[in-house]
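Structure at a glance
Single-letter residue listing:
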Amino acid sequence: MSYPWPLDASELFGERYPQMINTGLPVGDVDTVRAAVTDMWADAPGGWVHEWSKLAAAYADAGAHDRAALAYGWAKFPTLADASKRVALARQLEQYQLAAPDFGLRFRRQVLELPYRGGTTDVPVHLLAPFDLPAGRPVLIASGGVDSWKMDVHGLLVLLATQLRLQVLAFDIAGTGESTVPMTGAGGAELVGGLIAHARSLGSGVVGHVGISMGGYFSARSGLAGDVDAAVVLGGPVEAAFTGARKDVFGMDGIVGNALGFDAPPTDEELALRRAEFSLRPLLDEDRNAPMLIVNGADDVHVPQHDTLVFQGRRDTVVDLVPGTGHCAVSKLPEVFPTILGWLDRTLNTAVEAAR
């Protein structure tokens with residue numbers, strides 16, 4: 001189920017421009033698309049999906065499959081609200097797989113059948129690992145958020161796999177990307193639990209979880225519950241972001257509404273009621289968390305500072321609210337990511353030694 005909603009394309013460019021160019025697309029090409037787009041939903045010249053797909057097709061024809069995958073990723077952004085967006089996702093996957101031989105890593109795509117609400121559901125995952133992966137290494141499960149999915153955060157996944165010399169299992173959270181089930185707190189966490197169990201069978205048995213944006217909600221959940229050996233929460237909402245008093249910006253109400261499975265724009269009351277189910281307050285009130293690293297930008301317009309600072313004072317928890325940057329500290333990731341890598345390296349290696 002899905003639906004389009006009123007959305008100003010120019011506002012999205014204003015918010016996401018740093019992300020577009022920081023992930024590997026040339027500034028000039030992004031600027032050309034930005035100047036051409038006049039409508040968010042029209043599948044015609046001037047339409048978001050049309051102009052981004054035009055750029056992506058040019059990259060594909062030139063054999064630049066990595067850039068084609070990135071551009072098709074922006075074509076299907078921010079959610080699969082219509083047929084043209086779904087076509088763009090299929091083409092992104094095609095180009096991503098064509099680019100895989102040049103990743104500099106071992107790549108494997110697999111579809112896992114995982115338990116879900118008394119039955120099962122298929123969950124496509126991407127496995128990235130160094131060619132010379134040492135034996136007995138931990139495994140990281142990792143995901144992007146509600147609008148930037150596993151292929152969209154490829155560059156960060158490569159850094160994790162190469163710098164930490166371990167295997168990364170990338171997935172789309174429930175309600176997004178290739179997921180076929182709506183996003184719910186409990187249902188999404190059940191799928192994460194299945195992924196954790198699978199990941200424990202792939203390496204040393206030690207598993208970490210890295211979540212970005214709404215993916216950080218699920219890494220916070222698995223970390224607070226003690227289901228993993230280490231959890232990194234990058235820009236994750238956990239409590240205040242789910243209160244009905246907050247007003248969404250940059251189309252986030254429609255993005256979230258689609259992920260939750262609505263087939264038409266929900267009322268404010270319907271959206272607030274569904275969101276309230278996601279609060280992690282019950283887990284925050286407990287004291288059984290795994291080691292956790294909580295990072296976000298101080299100027300985040302989507303996630304209140306409370307959802308980062310609420311972790312201060314917890315045992316085995318490091319909190320970093322980064323000044324001068326916004327959601328997921330995206331404009332300062334070159335400064336922030338070495339901290340994440342260093343913390344994960346120390347924490348996972350300690351867990352491996354303890355498990356021996």
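Remark: helix α2 (residues 27–36) packs on helix α3 (residues 48–61), axes separated minimally by 9 Å, with the N-to-C direction vectors making an angle of 150°. Here α2 runs over α3; the crossing is right-handed. Contact residues: α2 offers Asp29, Val30, Val33 and Ala36, while α3 offers Glu51, Trp52, Leu55 and Tyr59. For the contact of α2 with α3, a count of residues per class yields 6 nonpolar, no polar and 2 charged.

What follows deals with the sheet that holds strand β7 (residues 292–297). Read across the sheet, 8 strands follow the order β1-β2-β4-β3-β5-β6-β7-β8 without closing on themselves; strand pairing throughout is mixed. For this open sheet the edge positions go to β1 (106–116) and β8 (317–322), each flanked by a neighbour on one side alone. When the angles between neighbouring strand axes are averaged without regard to direction, this sheet yields 20°. Two strands pair when backbone bridges link them, and strand β2 (residues 119–129) and strand β4 (residues 167–171) are joined in this way by 4 bridges, in the antiparallel orientation. Opposite leucine 128, over in β4, you have valine 168 as the bridge partner. Contacts from helix α8 (residues 214–224) reach β3 (139–143), β5 (207–212), β6 (230–234) and β7, with the element oriented near 150° to β5. The sheet contacts of helix α13 (residues 333–355) involve β3, β5, β6, β7 and β8, and relative to β6 the element is tilted by about 165°.

Time to look at the environment of arginine 109. Within the secondary structure, arginine 109 sits in strand β1. Residues arginine 109 and alanine 189, 80 residues apart in the sequence, show an inter-C-alpha distance of 22 Å. Once residues lying within four places of it in the same chain are set aside, the contact partners of arginine 109 are Leu93, Gln97, Pro124, Val125, His126, Lys150 and Glu178. One polar contact links arginine 109 to glutamate 178, side chain to side chain, over a distance of 2.7 Å.

What counts and what doesn't
- Residues numbered from 1 in each chain as written.
- Predicted model: local features only at pLDDT ≥ 70, side-chain atom pairs only at ≥ 80, totals over all residues.
- Heavy atoms only, no water.
- Axes fitted to C-alpha atoms, helices over the stretch in contact; angles between N-to-C directions.
- Helix = DSSP H or I, 4+ residues; strand = E, 2+ residues; numbered from the N terminus.
- Left-handed = near helix turned anticlockwise from the far one by under 90°.
- Contact = heavy atoms within 4.5 Å.
- Nonpolar A, V, L, I, M, F, W, Y, C, P; charged D, E, K, R; others polar.
- Pairing = 2+ DSSP bridges.
- Polar contact = N/O pair within 3.5 Å; in protein donor to acceptor, adjacent residues only side chain to side chain.

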